[in-house]
Amino acid sequence: QPWVPLICGALGSDVQDHRSWSTKHAALQLSQALVSYGTKQLETSMPQLMGAVWQLLLAAQPLHQAVLVEGTADDNEEAGGDENPVGLEALLAQLFELLLSFVAPRFREQLAAAIPQMIYVAIAYLQMTQDQAETWAANANQFVADEEEDIVSCRASAELLLCELADEFGADALPALLEAVSRRCAEADAAATAGNSCWWCMREAAIMAVGACCEQLEAAVLSRVVPAHQIQQLLDMLLQRDLQPLLQQQQQVQLGAGGQQFVVGRALWLGGQLCEVANQQQRELLLRAAAAAVFSNTSQTVTVNAFRALVVLCPEVPQQQLQQLLPTLLPALLQLLAAAGEESLHLVLEVLAAVIHAVAPQQQGASAAAGGLIPEQAMAVAGPVLQTWIAHTSDPLIGPDAQEVIAAIARQPACLPSVAAAVAPTLAGILSRGAAAKRAKRQGLPSRQLEPGQDGPMLVEASLNLLGTLVIPAQQAVATEVCRGVLGPVLSVIQWSDDPSELSSAVTLLMHLLRVCPTSDLLSCNTGFPATTGDKSSAVLAHILAAAGQLLSPTQPDTCSRDAGPLLVQLLKTFPAQLAAPPAAGASAAGASCVAVLLHGVVVKMATGGCSPATLVSLLEFVVKLALLDVQQLLETLAHMTVQQKDGTTTSGLAVVLPLWLEHAPDFSGSLLTRQNAAALLQLLQLRHNPAIAGLMVQGVPIEDAAAASGGRVTRSKAKQQGGLKYSQVGGWRPPPSVIC
């Protein structure tokens with residue numbers, strides 16, 4: 001408590017004296033520490049401290065207006081001889097940090113009476129500074145970056161304070177906010193009448209204050225704490241005054257002189273934020289205004305805010321109205337896409353995706369007249385977006401947004417054939433180059449030098465994911481055409497890639513193709529694999545089996561084999577007759593079928609050790625499927641199969657598979673797979689008297705040592721020191737209790 005009078009004295013000195021700013025800054029930092037960690041000791045002194053902080057907030061506002069907003073006074077940051085001078089903005093940032101610590105339940109009673117005036121003053125600190133206005137007017141990319149990432153400026157601190165007040169005080173703060181906004185707008189009008197060139201700063205700040213608390217306002221309207229007509233009246237004011245130049249449908253929109261562009265842009269932004277509480281007519285007018293801003297592109301800051309508004313408005317307006325704007329809106333967006341920088345590129349893509357989603361036909365098979373893009377429009381969008389996607393695949397914002405645009409086009413039945421025909425060859429080329437580079441790397445050959453902007457990191461994996469959006473079961477003919485162009489490159493990626501993510505995406509796409517495309521069409525593809533019998537279908541199947549075999553290779557890392565089991569199961573479903581015959585290139589045993597060859601690969605992979613539980617369960621899915629088809633045949637095949645274990649000894653395939661199957665039976669997940677596993681084990685149990693099973697010993701229950709038997713505890717680390725947990729051995733015909741349960 002002895003510190004409080006000293007702090008209040010430092011905060012109460014003349015704020016116009018810039019030499020006192022360092023002292024005030026230090027006093028604010030000390031206050032922050034005391035409030036954060038010594039609240040109980042400060043209970044009696046808090047009113048005095050809050051009063052001093054409040055007076056500093058009021059006294060600094062005219063200085064903030066003159067120095068930072070209007071630029072009519074000098075900051076004098078470097079004057080005074082201090083080694084580390086404190087500028088006005090740094091002082092205000094520290095002041096707001098302390099104010100934010102006051103907005104807490106323990107100070108609710110002390111703050112309640114000051115809420116209206118605090119909100120009113122905070123709006124003044126929301127004003128755009130002169131430096132910000134000049135920077136943002138000249139560089140839209142910087143405007144986007146600062147809007148999304150700025151957390152240290154006085155403007156950002158004031159916005160955060162308003163949000164915290166609305167969250168903490170709710171019903172008390174929101175009416176006060178609307179009243180303060182009305183007062184500040186009236187002051188801005190008076191300043192404009194008086195000829196003040198910075199009048200627009202206060203109006204833009206007042207509009208921004210509403211948007212900062214839009215979530216709380218929407219919740220208050222829905223709960224009827226705030227009447228909906230108050231928000232709708234505010235939107236009417238924006239439409240009738242700030243957005244009127246955009247609604248006049250002039251070929252060249254005139255936004256006025258000075259910072260009027262920031263007011264118009266902020267009004268568009270707020271219109272999108274309050275879309276849920278706007279009436280239908282207001283939404284349609286806001287859509288027209290945002291579209292006009294995109295058409296004219298008079299101001300980049302207005303266009304950026306129009307993007308943000310369109311993303312929210314498109315799903316909320318009648319499809320017919322948006323459809324009417326489409327012929328002019330799409331070309332304008334594509335022009336902006338070509339000219340956009342990296343900071344704003346994702347905004348254009350978000351708008352394109354929102355527009356295409358919103359105009360999509362509501363019913364499958366609907367004509368273009370009933371809504372949606374026509375193929376020509378789809379082609380005009382898909383080409384530039386695809387090139388943008390290729391150039392920015394690894395960008396966490398641009399890459400997914402560009403992919404979503406192409407996926408949105410692909411979901412429209414009328415556009416899918418033309419888009420797939422245009423996009424698939426490019427993606428197939430990316431996969432082919434990626435597979436060739438992986439092959440050269442594995443074989444120790446020199447790889448092709450990458451051209452700038454081509455085949456960058458993650459491009460192969462992203463191409464595989466994008467191709468998956470073009471393969472739609474409802475349009476089998478399109479899926480077949482895509483398959484003919486990409487099946488070979490996809491199989492080559494599986495054969496040669498050592499990247500777990502690429503392999504997972506490639507296997508997922510291959511399984512999707514196997515499900516959707518007819519078997520005859522799959523076998524007629526030209527995958528580039530050499531045919532040994534002159535039969536194209538046998539070459540395709542051999543290529544697929546070679547790719548699957550690579551996943552089962554003992555040298556393949558564990559993470560690269562985790563999708564092998566589901567792929568083998570899908571092969572059984574797609575090629576049941578073909579897999580029952582011997583491979584075209586021969587087999588390891590005379591007369592062995594393709595299924596037996598694949599099963600041998602699974603057993604060898606399991607026998608080499610090093611497989612994680614997830615990989616083992618994946619491989620066991622194939623074993624479960626074979627057991628459900630013919631458990632007797634599976635048992636005989638495994639019993640007569642000879643494999644080499646990790647220690648060099650040989651054993652039967654059944655001795656490898658059955659213990660691991662019983663051990664990892666509880667690891668199966670998913671209701672369908674769990675039921676299938678239980679059914680397969682039940683069929684196997686019915687053959688328990690078979691000599692091949694009866695002669696096997698499998699892992700039973702853990703054996704307790706003397707310490708555990710006498711009531712002691714054996715930790716994992718202690719068990720590891722003792723050579724690991726020891727288990728009983730039971731006959732293979734009697735599974736352990738964990739499997740039965």
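Calculation notes
For every chain, the first residue of its written sequence is number 1, and the numbers climb from 1 along that sequence. pLDDT decides what is reported in this predicted model: residues at 70 or higher carry local features, side-chain atom pairs at 80 or more are listed and counted, and totals for whole chains, interfaces and linings draw on all residues regardless. No hydrogens and no water enter the side-chain calculation; it runs on all heavy atoms of the structure. For the purposes of this entry, the term helix denotes a DSSP run of H or I that reaches at least four residues, the term strand denotes a run of E that reaches at least two, and both are numbered from the N terminus. Summary of the burial criterion: residues with accessible area below 20% of their type's maximum are buried, those above 50% are exposed, and those between are partly exposed, where the area comes from a 1.4 Å probe applied to protein chains only. The contact criterion used is simple: two residues touch if any of their non-hydrogen atoms lie within 4.5 Å. Surface exposure here means Shrake-Rupley accessible area, sampled with a 1.4 Å probe, where a residue is shielded only by the protein chains that are shown. A fitted line through C-alpha atoms represents every axis, and for helices the fit uses only the stretch in contact; the resulting angles, taken between N-to-C directions, go from 0 to 180 degrees. In this scheme, roughly parallel covers angles under 35 degrees and roughly antiparallel covers those over 145, while 65 to 115 is roughly perpendicular and the rest are oblique. Note on convention: near helix rotated counterclockwise from far helix by under a right angle means a left-handed crossing. Clockwise means right-handed. To count toward a patch, a residue needs a relative accessible area over 30% and no salt bridge; like charges are then connected within 9 Å, while nonpolar side chains (Val, Leu, Ile, Met, Phe, Trp, Tyr) are connected within 5 Å. Counted as salt bridges are all cases of a side-chain nitrogen of Lys or Arg within 4 Å of a carboxyl oxygen of Asp or Glu. Confidence scores here are pLDDT values: one per residue, from the predictor, ranging 0 to 100. Ring geometry is summarised as follows: Phe, Tyr and Trp rings, the Trp one being its six-membered ring, pair when their centres sit within 6.5 Å, and such pairs are stacked at plane angles under 30 degrees, edge-to-face over 60 and tilted between the two. Look at NZ for Lys and CZ for Arg. If either is within 6 Å of the ring centre and within 35 degrees of the ring normal, a charge sits over the ring. Take the number of residues in a helix, subtract one, and multiply by 1.5 Å to get its expected span. We define the nonpolar core as a collection of buried residues of types Ala, Val, Leu, Ile, Met, Phe, Trp, Tyr and Cys that are connected through side-chain atoms lying within 4.5 Å of one another. The term disulfide is used for any two cysteine sulfur atoms that are within 2.5 Å. Under the scheme applied, nonpolar residues are Ala, Val, Leu, Ile, Met, Phe, Trp, Tyr, Cys and Pro; charged residues are Asp, Glu, Lys and Arg; polar residues are all the others, including Gly. None of His or the chain ends enter the tally, which takes Lys and Arg as positive and Asp and Glu as negative. For the purpose of locating charges, the reference atoms are NZ of Lys, CZ of Arg, CG of Asp and CD of Glu.

Attention now goes to the overall build of the protein. Per the secondary structure count, the protein includes 37 helices and four strands. Within the protein, the proportion of its 741 residues that are buried is 51%. A separation threshold of at least 6 residues defines the contact pool for the protein, and within that pool the share at least 24 residues apart is 76%. Surface summary for the protein: the accessible area is close to 33,100 Å², and the carbon and sulfur share equals 53%.

Where helix H31 (residues 613-639) meets helix H32 (residues 653-664), the axes come as close as 10 Å, and the angle between the chain directions of the two elements is 125°. When the axis of H31 is compared with that of H32, the two are oblique. In this structure, H31 crosses over H32, and the sense of that crossing is left-handed. Each of Pro613, Leu616, Val617, Leu620, Val623, Val624, Ala627, Leu635, Leu638 and Ala639 in H31 lies in contact with H32, whose residues at this interface are Gly653, Leu654, Val657, Leu660, Trp661 and His664.

With that settled, the discussion passes to the environment of Leu470. Examined against the element boundaries, Leu470 turns out to sit in helix H23 (residues 459-470). Classification of Leu470 by relative accessible area gives buried; the value is 0%. Through-space distance from the C-alpha of Leu470 to that of Val482 is 7.7 Å; in sequence the pair is 12 residues apart. Not counting the four nearest positions on each side in its chain, Leu470 is found in contact with Ala410, Leu416, Ala420, Val423 and Val478.

Moving on, we get to a nonpolar patch on the surface. A cluster of nonpolar residues, Trp3, Leu6 and Leu30, forms a patch on the protein surface that exposes about 320 Å² of accessible area. Positionally, Leu30 belongs in helix H2 (residues 21-37). In this structure Leu30 comes out as partly exposed when scored by relative accessible area, which is 30%.

For Ser612, the position within the fold is in the loop between helix H30 (594-607) and H31. Once you skip the residues sitting within four places of it in the chain, Ser612 turns out to touch Asp558 and Arg562.

Quick look at the confidence of the model for the protein now. With 86% of its residues at a pLDDT of 70 or more, the protein has an overall mean of 86. Segment residues 450-454: pLDDT under 50, and three contacts once partners within four positions in sequence are set aside and those in other chains are kept. Every residue in residues 586-590 is under pLDDT 50, and counting partners more than four places away or in other chains gives two contacts.

With that out of the way, let us pick up the packing of aromatic side chains. By convention here, two paired aromatic rings are described through the distance between centres and the angle between planes. For the coordinates displayed, the defined rule picks out four aromatic pairs. Look at Trp136 and Phe143: their rings are 5.4 Å apart centre to centre, the planes differ by 70°, and that puts the pair in the edge-to-face class. Relative accessible area serves as the criterion here: at 1%, Phe143 is assigned to the buried category. The ring of Tyr120 carries Arg183 above its face, with NZ or CZ at 3.8 Å from the centroid.

On to the pattern of salt bridges. This model, assessed by the stated rule, comprises 16 salt bridges. Measuring nitrogen to oxygen at the nearest pair gives 3.5 Å for the salt bridge that ties Arg108 to Glu168. Of the two residues, Arg108 is situated in helix H5 (residues 108-112) and Glu168 in helix H9 (residues 154-169); the sequence distance between them amounts to 60 residues. For Glu168, a relative accessible area of 24% puts it in the partly exposed group. The closest approach of N and O atoms between Lys438 and Asp498, which form a salt bridge, is 3.5 Å. One end of the pair, Lys438, is in helix H22 (residues 416-443); the other, Asp498, is in the loop between helix H24 (476-496) and helix H25 (500-516), and 60 residues separate them in sequence. One network of salt bridges, with partners in common, ties together Glu147, Arg155, Glu204, Arg266 and Arg308.

What follows is about H30. Over its 14 residues, H30 extends 20 Å from the first C-alpha to the last, a length consistent with the 20 Å expected when each residue adds 1.5 Å. If you check which residues of H30 are buried, you get Cys594, Val595, Ala596, Leu598, Leu599, Gly601, Val602, Val603, Lys605, Met606 and Ala607. Those residues of H30 that are buried lie in contact with helix H27 (536-551), helix H28 (564-574), helix H29 (576-580), H31, strand E1 (642-644) and H32. Phi for Gly609, located one or two positions after H30, is positive at around 75°.

With that settled, the discussion passes to the nonpolar core. Ranked by size, the top nonpolar core spans 257 residues in total, and within it Phe102, Ile119, Trp389, Ile409 and Trp661 carry the most contacts. Excluding anything up to four places from it in sequence, Ile409 contacts Ile356, Leu373, Ala378, Val381, Ala382, Cys415, Leu416 and Val419.

What follows concerns the state of the cysteines. Using the criterion set out here, one finds zero disulfides in the structure. No disulfide involves Cys213; its nearest neighbouring cysteine sulfur is the one of Cys163, lying 5.0 Å away.

Our focus in this paragraph is the packing of helix H16 (residues 280-296) against helix H17 (residues 300-313). Between two packed helices, both the angle of their axes relative to each other and the distance between the axes serve to describe the pair. It is at 9 Å that the axes of H16 and H17 come closest, and there the two elements cross at 140°. Overall, the two elements H16 and H17 adopt an arrangement that is oblique. As for the relative orientation of H16 and H17, their crossing is left-handed in sense. In this structure, H16 contributes Arg283, Leu286, Leu287, Ala290, Ala291, Ala293 and Val294 to the contact, and H17 contributes Val302, Thr303, Ala306, Phe307, Ala309, Leu310 and Leu313. A per-class count over the contact of H16 with H17 returns 12 nonpolar, one polar and one charged.

It is worth spelling out H24 at this point. Within an α-helix, residues lying three or four positions from one another point in the same direction, as the helix has 3.6 residues per turn. For H24, built from 21 residues, the straight-helix expectation of 30 Å at 1.5 Å per residue is met to within 8% by its first-to-last C-alpha distance of 29 Å. Along H24, 16 of the 21 residues are buried, which leaves the element largely enclosed by surrounding structure.

On to the side chain of His64. With respect to the element layout, His64 can be found in helix H3 (residues 46-69). Under the relative-accessibility criterion, His64 is labelled buried at 1%. Those residues within four positions of His64 in sequence are excluded, and the remaining contacts are Val69, Leu88, Leu92, Ala124, Tyr125 and Cys154.

In this section: a negative patch on the surface. A grouping of Glu148, Glu149, Glu342, Glu343 and Glu350 is seen on the molecular surface, where their side chains present a negatively charged patch. Counting residues per element, the ones that place at least two in the negative patch are helix H8 (140-149) and helix H19 (342-358). The element best represented in the negative patch is H19, accounting for three residues. As for its position among the elements, Glu148 is in helix H8.

Attention now goes to unusual backbone geometry. Although it is not a glycine, Arg224 sits at a positive phi angle of roughly 65°. Tracing the backbone shows Arg224 in the loop between helix H12 (214-222) and helix H13 (228-242). Arg224 sits in the exposed class, given a relative accessible area of 78%.

Overall, Glu148 belongs to the partly exposed group, its relative accessible area being 40%. For Glu148, the contacting residues outside a window of four places in its chain are Arg308, His346 and Leu347.

Below, the discussion takes up the environment of Val304. Among the structural elements, Val304 can be located in helix H17. Assessed through its relative accessible area of 3%, Val304 is described here as buried. The contacts of Val304, once residues within four sequence positions are left out, are Phe143, Val144 and Leu347.

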